[in-house]
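Observations on chain architecture
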Amino acid sequence: MKLRASRKELIDVAKGLKPADIYIKGGKVVNVYSGEYLEQNIAIYKDCIAYVGDSELSIGDNTQIIDAEEMYISPGFIESHAHPWVIYNPISVTEKVLPLGTTTTVNDNLFFYLHMGVQGLKELIKDSNLLPGHFLWLVRLVSQADYPGEKEWFHPENIRTLLDLDEVVGSAEITRWPLLYNGDPFVLDMIDYVKQIGKIADGHNAGCSYEKLNSIAASGINACHEAITAKEAYDRLRLGLWTVLRNSSLRPDLHEIIKLLTEGKVSTSRIIMTTDGPHPSFIDEEGFVDGLVRKAVQLGVPAIQAIQMVTINPATYLRLDEYIGGIAPGRQADILLLPNLSDFKPELVISKGQIVAKNGKLTTNLPVFNWEKYMVRKPFSISKSVLENRDLYRYPHQANNKHIPVAHFMSTVISKRVDTPLPSINGYADLSQHEDLIQAALIDREGNWVTRGILQNFAPKLDGMASTYNTTTELLTMGRDPNAMAIAAARVYEMGGGIAIVDGDKIVLEIPLPLTGMMTTSSSFDQATKYQNSFLNAMKERGYPFHDILYSLLFLTCDFLPGLRLIPHGLYEVKTDTILNPAGPLPSVRV
């Protein structure tokens, strides 16, 4: 991190030889280094803290004095595992979470990189420095689902170029953790490079047993946020991994995994907390990192430990503790004034020495990004007329009453294979006698392939839906009526990415997501919340039985969670590592 204040200037302010720009007086400093609450004053010069103590010598004629009487003065909160693409975008999520006290976010680059490539992403990373707060990055080594051309896109030279950037603190989670377990040469070489340049390697090891975690730890991974029980958290901690306790829209598990602390009484020095990319309304209702601290304290964690787990601990993990994570001379002035240690809602937020929010409202300007300048991939290279062909959405089925593998959804993201006999009419599966089944098709935006499947217990009253919001960002369609599916697909095509729902032949909901097919370009977080709520409500009206439709779509097209998946190579069974029905060709008319 680059500091605007020089070391000499900070020394002079600390001595009282130079006046501070801001002087915070009369509060209780939350000292995350010693675990104490200390009645001290703080002198800020430019973007840094110069002095912490009783002296008032650095107050000058033009020093802004902030009265913090009866306030707690905390370091700014750090989200070490953020996904700034859950309908919201980097600008709109900053608008929301900075006033809640999160002054640093460390962000996954996946969908940006898939659509921007090296040059476009480099430009975005550079421009993200214009955002208030610290907007840092983690770089993916592989995608979340293998696809044709992945190895070329994730070329070692490209990845190294991104890892070398100052704003990049390490490599991002490897959701396909069997690559690590099996010793994939490319992934291990990249992790070695991450270590050589002194950065961190994040992990994602969902469902990984203690025995297999040994191999994951040996691969060089530094952290894992995928524990969903206290035992799984113990496993990670005992094997030397930074253990990240999660509470998110998909996995609101903190009440269970916090038992690691409340009952196990383990040391918290290598424990962090994360929200792991919650959907917009979750942030509205539960908060962001402030919500993690609030909930941890409600569950019995001492306030000082809860704050340490979102300040000095993640800063140490990220190897940035000399710059952020605490209130001490020479650190960046990321400071919160908290009225109490129960709701953790800051009255004032200071970031990089500037007041950026008061009473929950942003007080600084947000930059305007020209998102199109970063893009190297067209929204669609397929012809719209191809998407209007209803046969594209039907499941090919030649033998009458032959069993077909169906993905039965057991939860938001977990499915199981149920072999179901179905009639065949004109070479396609007939679902008319099965009210609980819908068809699904994942269509390459360039028109090279289509993967088809059949879903159960998902949204049985859905005529047609199309979405580029999924882990591949290709066009995912589903429904009972191929004609409605075609209309929805054509509308998403016209929007350049997004979500559309069709009843009969009428479009009843459309959500434009032109930014990589995952995000609105609006700078308003409220707009993202409205989109998410309207989509979830519409799907529930059509029989969707779970709580997080965005993550259902996101992970239906991945290749690492149990059940059947629609991936670019075909209908995939994760447990047996088998393509049950290979992706097939479709009419390809270039525009």
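These figures come from a predicted structure and were not determined experimentally.

1. Quick word on the overall build of the protein chain
- Scanning the protein chain from terminus to terminus reveals 19 helices and 30 strands.
- By the compact-globule yardstick of 25 Å for 591 residues, the protein chain fits well, its C-alpha radius of gyration being 25 Å.
- Nonlocal contacts in the protein chain, meaning residues at least 24 apart in sequence, comprise 69% of its contacts between residues at least 6 apart.
- A total accessible area of about 21800 Å² is found for the protein chain, and carbon and sulfur atoms account for 47% of it.
- Taking the average place of the 56 positive charges on the side chains of the protein chain and the average place of its 68 negative ones, the gap between the two points comes to 1 Å.

2. Points about the packing of helix α18 (residues 525–541) against helix α19 (residues 549–556)
- Here α18 crosses α19 at 80°, and the two axes come no closer than 9 Å. It follows from the interaxial angle that α18 and α19 lie roughly perpendicular. Along the contact surface, α18 presents Gln532, Phe535, Leu536 and Met539, while α19 presents Ile549, Leu550 and Leu553.
- Class assignment of the residues belonging to the contact of α18 with α19 gives a composition of six nonpolar, one polar and no charged.

3. Regarding the UniProt feature "domain: Adenine deaminase C-terminal" (unreviewed entry) in the protein chain
- When the UniProt feature table is mapped to this numbering, "domain: Adenine deaminase C-terminal" (unreviewed entry) covers residues 413–576.
- For residues 413–576, the helix share is 24%, the strand share is 34%, and the end-to-end C-alpha distance is 18 Å.

4. What about helix α13 (residues 289–298)?
- When you tally the buried positions in α13, you get seven out of 10 residues, the bulk of the element.
- The set of residues buried in α13 consists of Val289, Asp290, Gly291, Leu292, Val293, Arg294 and Ala296.
- On its buried face, α13 sits against β6 (77–82), β7 (102–108), α10 (254–257), β13 (271–274), α12 (280–286) and α14 (303–308).
- Downstream of α13 by a residue or two, Gly300 has a phi angle that is positive, lying close to 110°.

5. A short note on the UniProt feature "domain: Amidohydrolase-related" (unreviewed entry) in the protein chain
- If you check UniProt for "domain: Amidohydrolase-related" (unreviewed entry), the listed places come out as residues 72–356 in our numbering.
- Each end of residues 72–356 is marked by a C-alpha atom, and these two atoms are 18 Å apart; helix forms 38% of the span and strand 18%.

6. What to know about the environment of Asn89
- Counting through the fold element by element, Asn89 comes out in the loop between β6 and α2 (90–97).
- For Asn89, a relative accessible area of 1% translates into the label buried.
- Expressed as a C-alpha distance, the spacing of Asn89 and Ser267, which sit 178 residues apart in the sequence, is 36 Å.
- In this structure the side chain of Asn89 is engaged in a polar contact, spanning 2.9 Å, whose partner is the backbone nitrogen of Ile91.
- Of note is the side chain of Asn89, whose polar atom sits 2.9 Å from the backbone oxygen of Ser522.

7. Looking at the packing of helix α5 (residues 156–163) against helix α7 (residues 185–196)
- At a minimum axis separation of 11 Å, α5 and α7 run at an interaxial angle of 25°. Of the possible angle classes, the one that applies to α5 and α7 is roughly parallel. Both α5 and α7 take part in a crossing whose hand is right-handed. Here Pro156, Ile159, Arg160 and Leu163 of α5 lie close against α7, whose contacting residues are Phe186, Met190, Tyr193 and Val194.

8. Looking at the pattern of salt bridges
- All chains considered together, the criterion is met by 25 salt bridges.
- Between Glu9 and Lys46 there is a salt bridge; the shortest N-O distance is 3.2 Å. Of this pair, Glu9 sits in helix α1 (residues 7–15) while Lys46 sits in the loop between β2 (36–45) and β3 (48–53); the two residues are 37 residues apart in sequence, bridging distant segments of the chain.
- Of the residues examined, Glu9 reaches a relative accessible area of 19% and is grouped as buried.
- Notably, a salt bridge pairs Lys126 with Glu123, separated by 3.5 Å at the nearest N-O pair. Note that Lys126 and Glu123 are positioned in helix α3 (residues 110–127) at a spacing of three residues, about one turn of the helix.
- The class for Lys126 is partly exposed, based on a relative accessible area of 47%.
- One network of salt bridges, with partners in common, ties together Lys384, Arg491, Glu494 and Glu510.

What counts, and where the lines are drawn
- Residues numbered from 1 in each chain as written.
- Predicted model: local features only at pLDDT ≥ 70, side-chain atom pairs only at ≥ 80, totals over all residues.
- Heavy atoms only, no water.
- Helix = DSSP H or I, 4+ residues; strand = E, 2+ residues; numbered from the N terminus.
- Rg over C-alpha atoms; globule rule 2.2 N^0.38 Å.
- Contact = heavy atoms within 4.5 Å.
- Areas by Shrake-Rupley, 256 points an atom, 1.4 Å probe, with all protein chains shown as cover.
- Lys, Arg positive; Asp, Glu negative; His and termini not counted.
- Charge placed at Lys NZ, Arg CZ, Asp CG, Glu CD.
- Axes fitted to C-alpha atoms, helices over the stretch in contact; angles between N-to-C directions.
- Parallel < 35°, antiparallel > 145°, perpendicular 65-115°, else oblique.
- Nonpolar A, V, L, I, M, F, W, Y, C, P; charged D, E, K, R; others polar.
- UniProt positions renumbered as here; feature names shortened; annotations may be inferred.
- Buried < 20%, exposed > 50% of the residue type's maximum accessible area, 1.4 Å probe, protein only.
- Polar contact = N/O pair within 3.5 Å; in protein donor to acceptor, adjacent residues only side chain to side chain.
- Left-handed = near helix turned anticlockwise from the far one by under 90°.
- Salt bridge = Lys/Arg side-chain N within 4 Å of Asp/Glu carboxyl O.

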